[in-house]
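Examining the three-dimensional arrangement
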Amino acid sequence: MSVSQATARTRRPAIWPPALACLWGAAVVALLALAPIQSAPDSGWLPILVAGLLADRLTLGQSASRQGVFGAAFQVGLATLCGPAAVLGASVASLLFKRLWPPRGFDGARWRAELLPAAWTALLAAVAFWGVESTLGGHAGSLSAACAYVAIQHFGPGALSQIGLGGSSFWPEARRLPSVPQGGLFLALLPLAAANVVLVKLDAPGLVAFALLPAAAACALVEARTREEAHYYGAIAALTAMLQRAHPQTNRHMERVADAAEEVGLRLGMPRKRARLVREAALLHDIGKIAIDEQILEKPGPLTHDEMAHVKRHAEYGAEILAPVRRFGPLVAWVRHHHERPDGTGYPDGLSGSRIPLASRIIAVVDAYDAMTAGIDGGERRAYREPVGEYEAVAELKACSGKQFDPRVVRAFCSALRRRGAN
Amino acid sequence: MEAAWTIVLLFAASSVAMLWYAKRVVPSRTEARIEESARAFSKALELRFPVQKGVTARVCNLCMRLAHELGMPPERTTGLRLAAELRDIGLCAVPHRVLNEKPVSEWTQSERRLYHRHPELGASMLAHLPALKHIAGIVRCHHAPFGEGADPTFPSGKALPIESRILKVASEYAWFERCEGKEIALAAIENGAGTKYDPALVSGLRRVLTSERDGERAPA
């Protein structure tokens, strides 16, 4: 009852809530009022801290992107005016604040996940701030220093997790943190920089209000882009949900294949974005099985010729389903060809060698390995074959490399497996 | 001094451009993407249930005409059309063979139960898409009976979204029409007015169908 009533009401999300306007107003007032503090930083600590906490508190209900943009803008201002120690103090205080009076959805796990990256990066950022400020000097120096500081604060956790030091390697919960679109940060830095220049050059503090317009525009842009992205990933999630309903035994298979395919792509030297696309293709590679009769797929014995032909059509069906979505453009061919073989005996088009897209070759290897090993620890074993162990599966991949699988992909996959085994 | 003013103007101009992009360009692109993904979903359904081919087009057509007949504002009909296309997305959970080959009279109890869950399953799939949340609500109720107290898990009567009521009449009529022909289908729908279907919509359907026949006769 409640679900239908809540969802049936089509309500446009409020784009310009008064709260946001108040926040920006408060930020500008704080900037103006606290500008003289530059000469005497010790006196302005408390009001800025309070303002920061208040801002943090008020943006909590907002979307993650808005929080990120607002937080970055506020921190740049704070660091310019009072130095990095103030930002550090405000972040720590806000974390404590959230711990003591947790907002909805903010549990202990999330707190732990946020604390560590904050601590890692704060130190690094502070060093960068003092370094830049003392090299450049003056107003330009402190502004650039603040930008560097905040940039490190925001990009630091991601960069650290790349080299294996991020929060997620210690607390898996950190993966759940909503990621702020990073372009928004720079958009938020611009208005602050403008405000600063105007303040200094024109000696007309009222003009700082100009900073509001770009900042608001940045917020709107980040929000619109976030919604667009959410729709894209939602479409992928909905399609996989359809497949899982149709074939419940494929449940975890998709995710495992997607993880492995992305890793193999990276190992083969694909750029990060491309590897992400391969991941999405791997998630959707069997989407055409929606149109295949489950009883045939789960049939224990060998399939008749007709049944085999029916099952083989899933590659074409998959491409057909993905074709209407323009953003799935490259994925269509990859999904269509994920059962081609380098020796040209695959289906549906009998492509051979390098005419098969690399992504399809990756998916073929990863999919075969997962299908062979699936069900070794119970659960989703396939009706038509006994699960085999990891070693036998790797031996099989190597035996078929060159004929059924691309040798380069098989090598990359095996080294990825070894690394995973070592960890 | 001059440079500072230039910077101010530059920022003002660029932020206006940015606002236009964020408020006009991106949303219209998102709209287009919603359409595209809806087409992908209905393609998947069509491939899974070739039996249904043509029914969906008929349902969409009837829904649009009914909405027009009721004087529904055009911005709401978009949602109705999407809901009409995606209404049966939950049917993926019903086995391929049951829907495509087995006559309804031979279905087992558990197959029937699975079939009756399809509006709910469909809604849960659409809930993955934030932009289609309201459509999920329509899909969830698209087989809910109109009559009071017939099914306590759903709202009844006017508390049902109007889109769901339209969709129920249109989709069930289209299915009957395909199986039994126009006259019997309309009789079956009129029989259920008040209990299964909203009476206002049943009379609307009759008007739509009559005008359809007039339309067919007119060019001859």
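Residues numbered from 1 in each chain as written. Chains lettered and ligands numbered in written order. Predicted model: local features only at pLDDT ≥ 70, side-chain atom pairs only at ≥ 80, totals over all residues. Heavy atoms only, no water.

Here the focus is the nonpolar core. What tends to happen in soluble globular proteins is that the nonpolar side chains get buried as a cluster. With 111 residues, the main nonpolar core has A:Leu239, A:Met242, A:Leu322, A:Phe328, A:Leu397, A:Phe413 and B:Leu205 as its most contacted residues. Considering every element that reaches this core, the biggest residue donor is helix H10 (residues 212–246) of chain A, with nine residues. In this structure, A:Phe328 is in contact with A:Tyr232, A:Ile236, A:Leu239, A:Leu284 and A:Leu322, ignoring residues within four places of it in sequence. Ranked by size, the runner-up nonpolar core spans six residues in total, among them A:Ala217, A:Ala220, B:Met18 and B:Leu19. (Core = buried A, V, L, I, M, F, W, Y, C linked by side-chain atoms within 4.5 Å. Buried < 20%, exposed > 50% of the residue type's maximum accessible area, 1.4 Å probe, protein only. Helix = DSSP H or I, 4+ residues; strand = E, 2+ residues; numbered from the N terminus. Contact = heavy atoms within 4.5 Å.)

Bringing the pattern of salt bridges into the picture now. Counted under the stated rule, the structure contains 22 salt bridges over all chains. A salt bridge links A:Asp293 to B:Arg97; the shortest N-O distance between them is 2.9 Å. With one member in each of two chains, A:Asp293 in the loop between helix H12 (272–283) and helix H13 (294–297) and B:Arg97 in helix H4 (residues 96–100) form a pair that bridges those chains. The shortest N-O distance in the salt bridge between B:Arg48 and A:Glu294 comes to 2.6 Å. Remark: A:Glu294 occurs in helix H13 and B:Arg48 occurs in helix H1 (residues 2–48); the pair is interchain, linking two chains. For B:Arg48, a relative accessible area of 1% corresponds to the buried category. The class of A:Glu294 is buried, set by a relative accessible area of 8%. Overlapping salt bridges, with partners in common, bring together A:Glu228, B:Arg29 and B:Arg33 in one network. (Salt bridge = Lys/Arg side-chain N within 4 Å of Asp/Glu carboxyl O.)

Residue and element names in this part refer to chain B. Across the interface, helix H3 (residues 74–86) lies against helix H8 (residues 162–180) with an axial gap of 10 Å and an inter-helix angle of 45°. What the angle tells us is that H3 and H8 run oblique. Helix-helix and strand crossings are classified by hand; for H3 and H8 the assignment is right-handed. Touching Arg76, Leu80, Ala83 and Ala84 of H3 are Ile162, Glu163, Ile166 and Leu167, all from H8. Each residue belonging to the contact of H3 with H8 can be placed in one class, and the counts come to six nonpolar, no polar and two charged. (Axes fitted to C-alpha atoms, helices over the stretch in contact; angles between N-to-C directions. Parallel < 35°, antiparallel > 145°, perpendicular 65-115°, else oblique. Left-handed = near helix turned anticlockwise from the far one by under 90°. Nonpolar A, V, L, I, M, F, W, Y, C, P; charged D, E, K, R; others polar.)

All names here are of chain A. Applying the stated criterion across every chain, the model contains four aromatic pairs over all chains. Taking 5.0 Å as the distance between ring centres and 75° as the angle between the ring planes, the aromatic pair formed by Tyr232 and Tyr233 counts as edge-to-face. Among the aromatic residues, those joined into a ring-pair cluster are Tyr232, Tyr233 and Phe328. For the cation-ring pair, Arg327 lies above Tyr232, with the distance from its terminal atom to the ring centre recorded as 3.7 Å. (Phe/Tyr/Trp six-rings, centres within 6.5 Å; stacked < 30°, edge-to-face > 60°. Lys NZ or Arg CZ within 6 Å of the ring centre and 35° of its normal.)

Tallying each qualifying case throughout the model produces four cavities of 30 Å³ or more. By volume, the second largest cavity amounts to about 70 Å³. What lines the second largest cavity is A:Glu228, A:His231, A:Tyr232, A:Ala235, A:Val325, A:Arg327, A:Phe328, B:Arg33, B:Glu36 and B:Ser37. Broken down by element, the residue count for the lining of the second largest cavity peaks at four residues, all from H10(A). Of the residues that constitute the lining of the second largest cavity, the class distribution is four nonpolar, two polar and four charged. (1 Å grid on protein atoms, 1.4 Å probe; cavity = no way out; pocket = protein on both sides within 12 Å on 5 of 7 lines; lining within 4 Å. Points joined across faces, edges and corners; volume = space filled by probe spheres on them.)

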